[in-house]
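Coordinates in review
Each chain, letter by letter, is given below.
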Amino acid sequence: MTVYFRDQSVQVTSDAVRVDGTTYPVAALQMVWHRRGPGTTRTMSRRFGRGVLILVISILPLAAIVCAISLVYSATDRSAWGLAIVVLAAGLVGALVLAPFAEIPLGWLDRSYDRGTVVSELWVRYAGEDRLLLRTTNTLRFGQIYRAVQRAVEQHHPR
């Protein structure tokens with residue numbers, strides 16, 4: 001017996017697929033597919049939170065660029081561009097000084113991608129009827145499980 005995937009709630013072997021205590025023999029699985037499920041309140045809030053984080057991270061550089069451009073256009077001659085250069089330099093220095101503190105929101109942003117904003121569903125045709133095996137927002141875990149089930153079925157039913 002070959003184990004393709006195993007965690008606390010899912011086990012995929014060459015003989016069977018076990019999901020939350022329910023066992024499906026691989027010999028009885030006729031087809032495997034996936035689809036995107038309906039979004040939940042949690043996935044929508046993650047998407048909104050991700051947008052807020054991106055806005056917070058990018059606000060300082062955008063503000064410095066907008067201020068410098070408006071100062072350049074409002075200057076009557078090139079000698080007044082000095083203020084625009086000072087604003088750009090202050091924005092650059094501020095970004096460099098605050099760069100270590102950007103690690104915290106960037107970490108949050110990274111974790112938001114790990115948790116996912118899309119609901120993925122793994123379906124199989126078992127004993128002539130379509131069954132939902134798994135529904136999750138964890139994209140990495142879903143991909144591993146989906147590929148494991150595919151491999152188990154392909155090994156059992158060679159083309």
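Refer to the structure presented above.
Residues numbered from 1 in each chain as written. Predicted model: local features only at pLDDT ≥ 70, side-chain atom pairs only at ≥ 80, totals over all residues. Heavy atoms only, no water.

A word on the overall build of the protein. Looking only at helices and strands, the protein has 4 helices and 7 strands in total. In sequence order, the secondary structure elements of the protein are arranged as β-β-β-β-β-α-α-α-β-β-α. Against the compact-globule benchmark of 15 Å for 159 residues, the protein has a radius of gyration of 26 Å, which places it well outside the compact range. Oriented by its inertia axes, the alpha-carbon framework of the protein measures out at about 80 × 30 × 25 Å. Counting the 159 residues in the protein, one finds 30% classified as buried. For the protein, contacts bridging at least 24 residues in sequence account for 58% of all contacts bridging at least 6. If you sum the accessible surface of the protein, you get close to 10400 Å²; carbon and sulfur atoms cover 62% of it. (Helix = DSSP H or I, 4+ residues; strand = E, 2+ residues; numbered from the N terminus. Rg over C-alpha atoms; globule rule 2.2 N^0.38 Å. Buried < 20%, exposed > 50% of the residue type's maximum accessible area, 1.4 Å probe, protein only. Contact = heavy atoms within 4.5 Å. Areas by Shrake-Rupley, 256 points an atom, 1.4 Å probe, with all protein chains shown as cover.)

In this section: a nonpolar patch on the surface. A cluster of nonpolar residues, Leu 55, Ile 59, Leu 60, Val 93, Val 97, Leu 98 and Phe 101, forms a patch on the protein surface that exposes about 670 Å² of accessible area. Listed by contribution, the elements that provide at least two residues to the nonpolar patch are helix 1 (41-74) and helix 2 (81-98). Mapping Leu 55 onto the fold places it in helix 1. (Patch = residues over 30% accessible without salt bridge, like charges linked within 9 Å, V, L, I, M, F, W, Y side chains within 5 Å. Salt bridge = Lys/Arg side-chain N within 4 Å of Asp/Glu carboxyl O.)

Turning to the sheet that holds strand 2 (residues 10-13), a few remarks are in order. Taking strand neighbours across the sheet as the criterion, the 4 strands line up as 1-2-3-4 in an open arrangement whose pairing is antiparallel. The open sheet terminates on both sides in strands that have one partner only, identified here as strand 1 (3-6) and strand 4 (22-25). The average angle at which neighbouring strand axes cross in this sheet is 10°, direction not considered. Pairing between strand 1 and strand 2: 3 bridges, direction antiparallel. Bridge pairing in strand 2 links Val 3 to Thr 13. Strands in contact with helix 4 (residues 139-156) are strand 1, strand 2 and strand 3 (16-19); relative to strand 1, the strand with the most contacts, it is inclined by about 155°. (Pairing = 2+ DSSP bridges. Axes fitted to C-alpha atoms, helices over the stretch in contact; angles between N-to-C directions.)

Now for the packing of aromatic side chains. With the rule as written, the count across this model stands at 3 aromatic pairs. Judged by centre distance (5.1 Å) and plane angle (85°), the ring pair of Tyr 24 and Tyr 126 falls under edge-to-face. Note that Tyr 24 is positioned in strand 4 and Tyr 126 in strand 6 (residues 120-126), a separation of 102 residues in sequence. Taken individually, Tyr 24 and Tyr 126 each receive the classification buried, so the pair is uniform in this respect. Considering the side-chain rings of Trp 33 and Trp 123, the 6.3 Å spacing of their centres and the 10° angle between planes classify their relative orientation as stacked. Of this pair, Trp 33 sits in strand 5 (residues 29-36) while Trp 123 sits in strand 6, and the two are 90 residues apart along the sequence. Exposure class is identical for Trp 33 and Trp 123. Each is buried. Stacked on the ring of Trp 123, the Lys or Arg Arg 35 has its end atom at 4.4 Å from the ring centre. (Phe/Tyr/Trp six-rings, centres within 6.5 Å; stacked < 30°, edge-to-face > 60°. Lys NZ or Arg CZ within 6 Å of the ring centre and 35° of its normal.)

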